[in-house]
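Listed here are the chains, written in short residue letters.
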Amino acid sequence: MEALIAVLPGDGIGPEVTREATRVLDAIAARGAHRFEFKTARVGGAAIDASGSAFPDDTRALVAEADAVLLGAVGGPKWSAPDAPVRPEQGLLDLRAAMNVYANLRPVKTRPVLYPASPLRPEYLENVDIMVVRELTGGIYFGDRSRTEDAAMDVCTYTRPEIERVVRMAANLARDRRGKVTSVDKANVLDTSRLWRSITDELFASEFDDLELETLLVDAAAMHLLTRPADFDVIVTENMFGDILTDEASMLCGSLGMLPSASLNEHRKGLYEPIHGSAPDIAGRGIANPCGAILSVALLLRYTFGLNDEAEAIETAVYAALEAGYRTADVAGPDGKACNTVAMGDAIIAVLMNHG
Ligand code: NAD
């Protein structure tokens, strides 16, 4: 198989972690059978510096041409003044909208090797295997907004088709998993959530009556994620709730730096990125955890190219390297010993090459 991958490293630790992820794809290619061509373009703050736009035309053109897109992260204090005319995060929203990637899949699976890195006690972490499906191109992040000196407004809108397609995606994923979907909303307060809930109920009564549907308010869901995480199978929720709940859920796996994501549209042309941001507090030091980015290219192989064996090989290699004692500082073991970003990548690639 030959594929063109658009690589958008972005800002902060984005370039540091995407470099390791593309090296892992090179290692997959070196095992034979596949060729990956990488073309790089700017997005976010790096693009603002170069062209004034957070999602310039040449980046848009590359994204349209590529088979899949690998993103690092965008943003940072340099571009975050309250009166900045354009912000890096706008580039991210424009990218997601341009690709129409309405469903953001964020797997949260705990592994014993990382139990010590989690603030939760091990008995809460056993058998946690959650797929969070976050709606990604609607809701409050995409609504009208305005600001004056003394007031500001962000509008949250959802339409029936937007809700139906992401709930269907979640339900179809649940069919291949343990058959349970938890829909998270704030239907006691928000009209958008009441629409979300009634459409979800309708869909489960008509198309998915073989599946179990649980409905939770988002505030309670935040608590249940910590007290009974193993009870969840697929969680589906709107854009902002999914953003927040998955940062919380990442701590079940030890660090924000561990979680990958796949953002998909109807055609499975995906946008793949770790769930973390640009981490300005550690950027440039070579200590970021590349596992979220590396696990994201496993998702890329699985969801865009159907290469399940190769995806599993990467996932196995990541956990084998962790078990062999390679850890970045965010998930360092009890002895506190940590390796840097490149050494973590090297350890994962060594496992991949030795078990080719
Ligand atoms: P963040 O996710 O960048 O970092 C939060 C904390 O987690 C930091 O302490 C950071 O050091 C740590 N962390 C994150 N990723 C890590 C990794 N791979 N290895 C080790 N530690 C890691 O969130 P933030 O600090 O709130 O935001 C920084 C910037 O990133 C902001 O401009 C924000 O808008 C942006 N952001 C971008 C994205 C994206 O591009 N998808 C997502 C979230 C935040």
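Residues numbered from 1 in each chain as written. Predicted model: local features only at pLDDT ≥ 70, side-chain atom pairs only at ≥ 80, totals over all residues. Heavy atoms only, no water.

### Digging into the layout of surface pockets
As a reminder of what qualifies: Here a cavity is any set of points on a 1 Å grid over the protein atoms alone where a 1.4 Å probe fits but cannot get out, and a pocket is any open set with protein on both sides within 12 Å along at least 5 of 7 lines; a residue lines the site when it has an atom within 4 Å of a point. Grid points are joined across faces, edges and corners, and a volume is the space filled by probe spheres set on the points. In this text, helices come from DSSP runs of H or I with a minimum length of four residues, and strands from runs of E with a minimum of two, each type numbered from the N-terminal end. Boundaries between domains were set according to an automatic or database domain assignment.
Of the volumes computed, that of the largest pocket is approximately 1,100 Å³. Lining the largest pocket are 47 residues, with Val74, Gly75, Arg87, Glu89 and Leu92 positioned closest to its centre. Put simply, the parts of the chain that give the lining of the largest pocket at least two residues each are strand S3 (68-73), helix H4 (88-99), strand S6 (145-147), strand S7 (152-154) and helix H9 (239-250). Counting residues domain by domain, the lining of the largest pocket receives three or more from each of domain 1 (1-101 + 259-356) and domain 2 (119-252). Volume-wise, the second largest pocket comes out at about 520 Å³. Within the residue set of the lining of the second largest pocket, elements represented by two or more residues are strand S4 (103-109), strand S5 (129-135), helix H10 (291-303) and helix H11 (308-323).

### Describing empty space enclosed by the protein
The final tally for this structure, using the stated rule, is 1 cavity of 30 Å³ or more. Taken as a whole, the largest cavity holds about 30 Å³ of empty space. Every residue lining the largest cavity is listed: Val132, Leu225, Ile235, Thr237, Gly242, Leu245 and Ala249. Elements that contribute at least two residues to the lining of the largest cavity include exactly strand S10 (234-237) and H9.

### Observations regarding the sheet that holds S5
Stated formally: By the convention used here, strands pair only if DSSP detects at least 2 bridges between them. Any two residues whose heavy atoms approach within 4.5 Å at even a single point are treated as in contact. Think of each axis as a best-fit line through the C-alpha atoms, taken over the contacting stretch in the case of a helix, with angles from 0 to 180 degrees between the N-to-C directions.
Spatially, 10 strands are ordered S2-S1-S3-S12-S11-S4-S5-S10-S8-S9 in an open sheet, and the strand pairing comes out mixed. Of all strands in the sheet, those with a lone pairing partner are strand S2 (35-40) and strand S9 (212-217), marking the two edges. With 2 bridges joining them, strand S11 (residues 262-264) and strand S12 (residues 271-272) adopt antiparallel strand pairing. Each bridged residue has a counterpart across the sheet, and for Ala262 the counterpart in S12 is Tyr272. Against the sheet, helix H3 (residues 57-65) makes contact with strand S1 (2-10), S2 and S3, and its axis sits at roughly 150° relative to S1, the strand it touches most. Contacting S5, strand S8 (180-185), S9 and S10, helix H7 (residues 191-206) crosses the sheet at an angle of about 170° to S9.

### Here we look at the domain arrangement of the protein
We count it as follows: A quick way to say it: buried area is the sum, across both parts, of accessible area lost when two parts are put together, with a 1.4 Å probe. Only one rule defines a salt bridge in this text: a Lys or Arg side-chain nitrogen within 4 Å of an Asp or Glu carboxyl oxygen. Identification of polar contacts relies on pairs of N or O atoms within 3.5 Å, with a donor-acceptor requirement for protein atoms, meaning one able to donate a hydrogen and the other able to accept it, and with residues adjacent in sequence counted only if both atoms are side-chain atoms. All amino acids are sorted into three groups, where Ala, Val, Leu, Ile, Met, Phe, Trp, Tyr, Cys and Pro are nonpolar, Asp, Glu, Lys and Arg are charged, and the leftover types, Gly among them, are polar.
Each assigned domain of the protein is listed here: domain 1 (1-101 + 259-356) and domain 2 (119-252). One C-alpha centre belongs to domain 1, the other to domain 2; they are set 24 Å apart. Contact with domain 1, which involves 13 residues of that partner, is made by 12 residues of domain 2. Buried surface at the junction of domain 1 and domain 2, both sides included, amounts to about 1,000 Å², of which 61% is carbon and sulfur. There are 0 salt bridges connecting domain 1 and domain 2. On inspection of domain 1 and its partner domain 2, the count reaches 1 residue pair in polar contact (both at pLDDT 80 or more). Of all elements in the fold, only H4 and S11 reach the threshold of two or more residues within the side of domain 1 that touches domain 2. Per element, the largest residue contribution to the side of domain 1 that touches domain 2 is 3 residues, and it comes from H4. Of the residues assigned to the side of domain 1 that touches domain 2, the class counts are 8 nonpolar, 2 polar and 3 charged.

### Structural notes on helix H6 (residues 160-175)
Note the cut-off: Working rule for helices: expected span equals 1.5 Å times residues minus one. Each residue gets one of three labels from its accessible area relative to the maximum for its type: buried under 20%, exposed over 50%, partly exposed in between, using a 1.4 Å probe on protein chains only.
In this model H6 runs 22 Å from its N-terminal to its C-terminal C-alpha over 16 residues, within 8% of the 22 Å that 1.5 Å per residue would give. Along H6, the positions that sit buried rather than exposed are Glu162, Ile163, Glu164, Val166, Val167, Met169, Ala170, Ala171, Leu173 and Ala174. Contacts made by the buried residues of H6 are with S4, S5, S8, H7, S10 and S11.

### Some thoughts on the packing of aromatic side chains
Worth spelling out the cut-off: Pairing of aromatic rings covers Phe, Tyr and Trp, the last counted by its six-membered ring, and requires centre-to-centre distances within 6.5 Å; plane angles under 30 degrees mean stacked, over 60 mean edge-to-face, and any other angle means tilted.
For the structure shown, the criterion picks out 2 aromatic pairs. Note on Tyr158 and Trp196: the rings are 5.6 Å apart at their centroids and 75° apart in plane angle, and the pair reads as edge-to-face. Note that Tyr158 is positioned in the loop between S7 and H6 and Trp196 in helix H7, a separation of 38 residues in sequence. On the basis of relative accessible area, Tyr158 is assigned to the buried category, the value being 6%. The buried category is assigned to Trp196, whose relative accessible area is 2%.

### A closer look at the side chain of Ser278
With respect to the helices, strands and loops of the structure, Ser278 is situated in the loop between S12 and H10. On the basis of relative accessible area, Ser278 is assigned to the buried category, the value being 6%. Side-chain polar atoms of Ser278 contact the backbone oxygen of Gly75, separated by 2.8 Å. Setting aside anything within four residues of it in sequence, one finds Ser278 in contact with Asp11, Gly12, Ile13, Ala73, Val74, Gly75, Gly76 and Ala283.

### Points about the nonpolar core
Applied cut-off: Definition of nonpolar core: a set of buried residues of the types Ala, Val, Leu, Ile, Met, Phe, Trp, Tyr and Cys, connected through side-chain atoms within 4.5 Å.
With 93 residues, the main nonpolar core has Val133, Met258, Leu301, Ile314 and Val318 as its most contacted residues. Per element, the largest residue contribution to this core is 10 residues, and it comes from H10. Here this core spans two domains, since at least three of its residues come from each of domain 1 (1-101 + 259-356) and domain 2 (119-252). Beyond its immediate chain neighbours, meaning those up to four positions away, Leu301 contacts Leu25, Ile28, Phe36, Gly306, Leu307, Glu310, Ala311 and Ile314. In this structure, Phe55, Val69, Met99 and Leu271 belong to the second largest nonpolar core, which totals 18 residues.

### Things to note about the environment of Leu93
Mapped onto the elements of the fold, Leu93 is located in helix H4. Classification of Leu93 by relative accessible area gives buried; the value is 12%. Sequence separation between Leu93 and Met131 is 38 residues, and the spatial gap between their C-alpha atoms is 22 Å. Every residue in contact with Leu93, bar those within four places of it in the chain, is listed here: Tyr141 and Phe142.

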